[in-house]
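Examination of the molecular architecture
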Protein chains: 2
Amino acid sequence: MNAEPRRRRSTDRAAHKRPAAIPQLAMTHARNPYPPMRLLSDDQLEAIHEAAMHILENFGIEMMSHSALDLFAGAGAKVDRAAQTVFVDRGLVDQALKTTKSAYQLTPRNAEKAVPIGGDAISFTLVAGPPNVHDMERGRRAGNHKDYCDLIRLAQHFNCITMLGNQVCAPIELPANSRHLDTYFANLTLTDKSFHVSAIGRGRALDGIAMMAIARGLTLDKMRDDPAVTTIISVNSPRRFDDQMADGLMTMAEHGQSVAVTPFTLMGAMSPVTLAGALAQQNAEALAGIVLTQLVRPGAPVMYGAFTSNVDMRSGAPAFGTPENTKANVASGQLARRYNLPYRTTPGSASNAADAQGAYETMMALWGAVLGHGNLVYHAAGWQEGGLTASYEKFILDVEMIQHMMEFLRPIEVNEGELALDALGRVPTGGHFFGDPHTLERYSTAFYQPLVSNWQNYESWQEAGGLNATQRATGLWKKALSEYEQPPMDEGVREGLDEYVAKRREEIGAGEP
Amino acid sequence: MNAEPRRRRSTDRAAHKRPAAIPQLAMTHARNPYPPMRLLSDDQLEAIHEAAMHILENFGIEMMSHSALDLFAGAGAKVDRAAQTVFVDRGLVDQALKTTKSAYQLTPRNAEKAVPIGGDAISFTLVAGPPNVHDMERGRRAGNHKDYCDLIRLAQHFNCITMLGNQVCAPIELPANSRHLDTYFANLTLTDKSFHVSAIGRGRALDGIAMMAIARGLTLDKMRDDPAVTTIISVNSPRRFDDQMADGLMTMAEHGQSVAVTPFTLMGAMSPVTLAGALAQQNAEALAGIVLTQLVRPGAPVMYGAFTSNVDMRSGAPAFGTPENTKANVASGQLARRYNLPYRTTPGSASNAADAQGAYETMMALWGAVLGHGNLVYHAAGWQEGGLTASYEKFILDVEMIQHMMEFLRPIEVNEGELALDALGRVPTGGHFFGDPHTLERYSTAFYQPLVSNWQNYESWQEAGGLNATQRATGLWKKALSEYEQPPMDEGVREGLDEYVAKRREEIGAGEP
């Protein structure tokens, strides 16, 4: 499991074809070879588990979906119909955890880009859900279809992004009840990567599953045991699953597609102001959703999702990439592993700009995600303003930071060649290794080659315009868009997608999807 | 040893006296309560140790100081006088490691600000050595005495900076042979923290030790067993200690003051292009210097210093905060602990600006330093341009990042109050915790309060000027300078320092210090 990711650099043959291309890591299945960090002792972990059980058994979870309540009732859970509340006892949790999977894989239309979920695999996704987009040249604007397409082109271009989130921005000029068809169509034609389908109601989820099945040339039945897509079920914390989310969850599970149940537990707002309390709540809410997936379909692929951060207690504004958020990212990994579940986490930032704050907040939370052994690092590229804006420059900065982490996760090799005693004996005291054969044999691939980082001396940097990292990122996303290549698609498949979209658009009309 | 650092916030009584003060963490002795990260297996660690022994025994270390060679020869080491090279056998290394200390303390004139070195203590220092300074208003300029004083005032102001480096900038308008007297005088009068003395030759080291002794009211004899200052001995890698550095090291050890022996092993330039090779070289060089300290004075306080990073192989320019540098920071901690020595490390960046690159590179290396259990995190605040410039804005950003790490290192508490089951039972589903008594009792100190991070929504942020983090940092260093308070000093002590400086200035004249 600790296999080293393959690595190709711009110096490799493939990249040499286009010598001016932006350097980037080769497509790889990144793995985290180090033991997960532990911030909670075993006793503390058990205390949080027990508190979560107390919440589930005594306070209950509001499920605004009748079919969800029916499923719980059918499984023997105490259900208060008037309050739409289910009390999930620990036996039901234990039962569900017998059928969940510790690892699975999401296979998109290009099977080479299948995303392993669980174990020591780690994947990074494009930001999902912002209403706005921003870049330094055109400023901030409402989400729209053109930006949607450009942002997913960027995600397609960079190998370190292995999955699209749900709607990198909302294409608000398109009809609300059918725009999911347009975004799925874009995902499937402009990229060949897996994506997150919207689970706001059954229809949107099912359309995403069906369109991916067409793109893969599979029936829904075949894809039920060979999942391709995931969704995030955001809990309306505290302790509420709304009807659309519950229905979306059930649809995904029925079709054997992946769900990440993710409470949004902002400490001090939707959760207790204390980390232990927020984690207990998160744990109860996540487990309630996880139980529901297994009631729908035992074995349905499901992740333990965590998104615990804090608010600014002076204003109530959400904060991300804080020390508390970083601790939560690590500790939540301990909880996920306690239940033997894959772990979804997030490196956020509240910064309004792709600036130093954006970088250090994202780095904090990203390290928490990596040290906590996140399997799906969601919203990993392009997240700005606490998720309200998809930023082109932040996307580029995030790709750089993700690649730094991926390289950090490559194990150190220690062997005769790496120890370099021959070179160390050859180079005189006070000399240098530049021209030594040991260096010449290895230099072109020895180090990570960054895309944003500028290592020029001050004078050369000034002569080249003295651009800061954010300004350089503007040039890089434009160049990446110019380098982008649309992945080929069989004409018949494309027609199939066209037909599906046309049919569904007509069915939906002005109604609900 | 895992005691939680004390924490006061701006909401505490002391801060309430000046309600507009920049929020910051209280003075604390930060500790790293988590197990160190391990990137090297035991076998790999031993292979690097063995390679280092091979280097020491077979390739040797050039010592350009005759007295250093005499000491090694006297201890039985093979010495090649013509080549000024000593071959350090493993017996000599083992012998030295019997007398080194795993932990000690540096006590400045304010004993409350003593810096613990070793164990799970972690300290952060002001950048040392840049020839230039930079801020966003006045631009880049050569180091000078006014900026020197302002930068150490900033270091005095922020509690998370526990020690000054050696000359935060060179005051180049002052005579080169006596400017160390001016900087020591500034260190001792404008701050009450420990500092790094220059060990370029005996004179500079001795002046620093003597002036600190005056400030503490101690004789040199008394201070020999109660160290106050440290120096960094930078090895001229590969495998060379120049005469001034060797003499400085010996002077420090003779006087029982702390030394951090720090090879500057830039992979591909002064070291092999491979991390294992660079670490083997670093290890050999560090151990050679460490042995020398113990030959001078068994028990002399000494740290294992590490500064392994890589260069840009296209230009030869040094790079910092890279994945390779980050791995080296972690792995070097394993080496330091193998020898039971305190560990000095560094979070650098090559960025020419206090921008997103500066932030993410420093964050990478800082996490490496923390996960590797660095005891003295050197150059931790203000480092820009790979150390060629001390930046006011970067200083502020670094303080923010250091405080993030210090808060991350506060253990999670799990107990009845923290688990908040009472509040979790009280707040209805879909409700919020803002007004709950559990929140109200804790909210003012529950979360880390940042100084740079802006959590306003986009509109409010725009209305307030839409300043990015670097621009906000400009306002913050100016405000910090206005809040700075000079620590009181006994008049007699100050006169003693004046006299010492006047006498030494006359002695030195135009000659060597």
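This text gives an overview of the structure that appears in the document. (Residues numbered from 1 in each chain as written. Chains lettered and ligands numbered in written order. Predicted model: local features only at pLDDT ≥ 70, side-chain atom pairs only at ≥ 80, totals over all residues. Heavy atoms only, no water.)

1. Topic: a negative patch on the surface
Residue and element names in this part refer to chain A. A contiguous patch of negative charge, built from Asp490, Glu491, Glu495, Asp498 and Glu499, is present on the exposed surface. Along the chain, aspartate 490 falls in the loop between helix H18 (469-483) and helix H19 (491-508). A residue is classified by how much of its surface remains accessible, and aspartate 490, at 52% relative accessible area, is exposed. (Patch = residues over 30% accessible without salt bridge, like charges linked within 9 Å, V, L, I, M, F, W, Y side chains within 5 Å. Areas by Shrake-Rupley, 256 points an atom, 1.4 Å probe, with all protein chains shown as cover. Salt bridge = Lys/Arg side-chain N within 4 Å of Asp/Glu carboxyl O. Lys, Arg positive; Asp, Glu negative; His and termini not counted. Charge placed at Lys NZ, Arg CZ, Asp CG, Glu CD. Helix = DSSP H or I, 4+ residues; strand = E, 2+ residues; numbered from the N terminus. Buried < 20%, exposed > 50% of the residue type's maximum accessible area, 1.4 Å probe, protein only.)

2. Structural notes on the sheet that holds strand E1 (residues 61-63) of chain B
Taken together, the four strands give an open sheet; going across it, the order is E2-E3-E1-E12 (chain B), and neighbouring strands pair in mixed fashion. Every interior strand has two partners, whereas the edge strands, strand E2 (78-80) and strand E12 (240-241) of chain B, have only one. (Pairing = 2+ DSSP bridges.)

3. Some remarks on the packing of aromatic side chains
According to the stated counting rule, one finds 25 aromatic pairs over all chains in the structure shown. Summarising the aromatic geometry, the rings of tryptophan 367 of chain B and phenylalanine 408 of chain B are spaced 5.0 Å apart at their centres and angled 65 degrees between planes, so their arrangement reads as edge-to-face. With a gap of 41 residues between them, tryptophan 367 of chain B in helix H12 (residues 356-371) and phenylalanine 408 of chain B in helix H13 (residues 392-408) connect regions that are remote in the sequence. Take tryptophan 367 of chain B and phenylalanine 408 of chain B: they sit in the same class, and that class is buried. An aromatic cluster is present here, built from Tyr34, Trp367 and Phe408 of chain A together with Tyr34, Trp367 and Phe408 of chain B joined pairwise through their rings. (Phe/Tyr/Trp six-rings, centres within 6.5 Å; stacked < 30°, edge-to-face > 60°.)

4. Digging into the nonpolar core
By size, the foremost hydrophobic cluster in this structure holds 313 residues, and its most contacted members are Met63, Ile161 and Tyr304 of chain A together with Met63, Ile161 and Tyr304 of chain B. Leave out the neighbours within four places in its chain, and isoleucine 161 of chain A touches Phe124, Thr125, Leu126, Ala155, Lys193, Ala381, Phe395, Val399 and Ile402 of chain A. (Core = buried A, V, L, I, M, F, W, Y, C linked by side-chain atoms within 4.5 Å. Contact = heavy atoms within 4.5 Å.)

5. Description of unusual backbone geometry
Here serine 237 of chain A and proline 238 of chain A are connected by a cis peptide whose omega angle stands at 0 degrees. Note that proline 238 of chain A resides in the loop between strand E11 (230-235) and strand E12 (240-241). Look at glutamine 167 of chain B: it is not a glycine, yet its phi comes out positive at around 55 degrees. Considering the arrangement of structural elements, one finds glutamine 167 of chain B in the loop between strand E9 (163-164) and helix H6 (179-190). Classification of glutamine 167 of chain B as buried rests on a relative accessible area of 15%. Despite not being glycine, histidine 379 of chain B shows a phi value in the positive range, around 60 degrees.

6. Let's talk about the pattern of salt bridges
Charged atoms that come close allow side chains of opposite charge to pair. Enumeration according to the criterion identifies 64 salt bridges over all chains in this entry. Of the charged contacts in the structure, one is a salt bridge between aspartate 42 of chain B and arginine 38 of chain B, with a shortest N-O distance of 2.9 Å. For glutamate 62 of chain B, the salt bridge is made with arginine 240 of chain B, and the minimal N-O distance between the two is 2.8 Å. Taken together, the residues glutamate 62 of chain B in strand E1 and arginine 240 of chain B in strand E12 connect sequence positions 178 residues apart. Given the relative accessible area of 24%, arginine 240 of chain B is considered partly exposed. One salt-bridge network, held together by shared partners, links Asp135, Arg138, Arg141 and Asp147 of chain A.

7. Some thoughts on the relation of the copies chain A and chain B
When chain A is fitted to chain B, the best match, at an RMSD of 0.0 Å, comes from turning it 180 degrees and sliding it 0.0 Å along the axis. With respect to symmetry, the two chain copies, as superposed, fit the operation of a two-fold axis. Identified as the residue of chain A closest to the rotation axis by C-alpha distance is alanine 356 of chain A, at 2.0 Å. Taken as a fraction of all interface residues of chain A, those also at the interface in chain B reach 100%, which identifies the copy contact as same-surface. (Least-squares fit on C-alpha atoms with pLDDT ≥ 70 in both.)

8. Overview of the interface of chain A and chain B
Facing the 114 residues of chain A at the interface are 114 residues of chain B. Taken together, the links from chain A to chain B amount to two salt bridges. Joining chain A to chain B, the criterion identifies 34 residue pairs in polar contact (both at pLDDT 80 or more). When residues of the side of chain A that touches chain B are assigned to their parent elements, the largest contribution, nine residues, is made by helix H12 (residues 356-371) of chain A. (Polar contact = N/O pair within 3.5 Å; in protein donor to acceptor, adjacent residues only side chain to side chain.)

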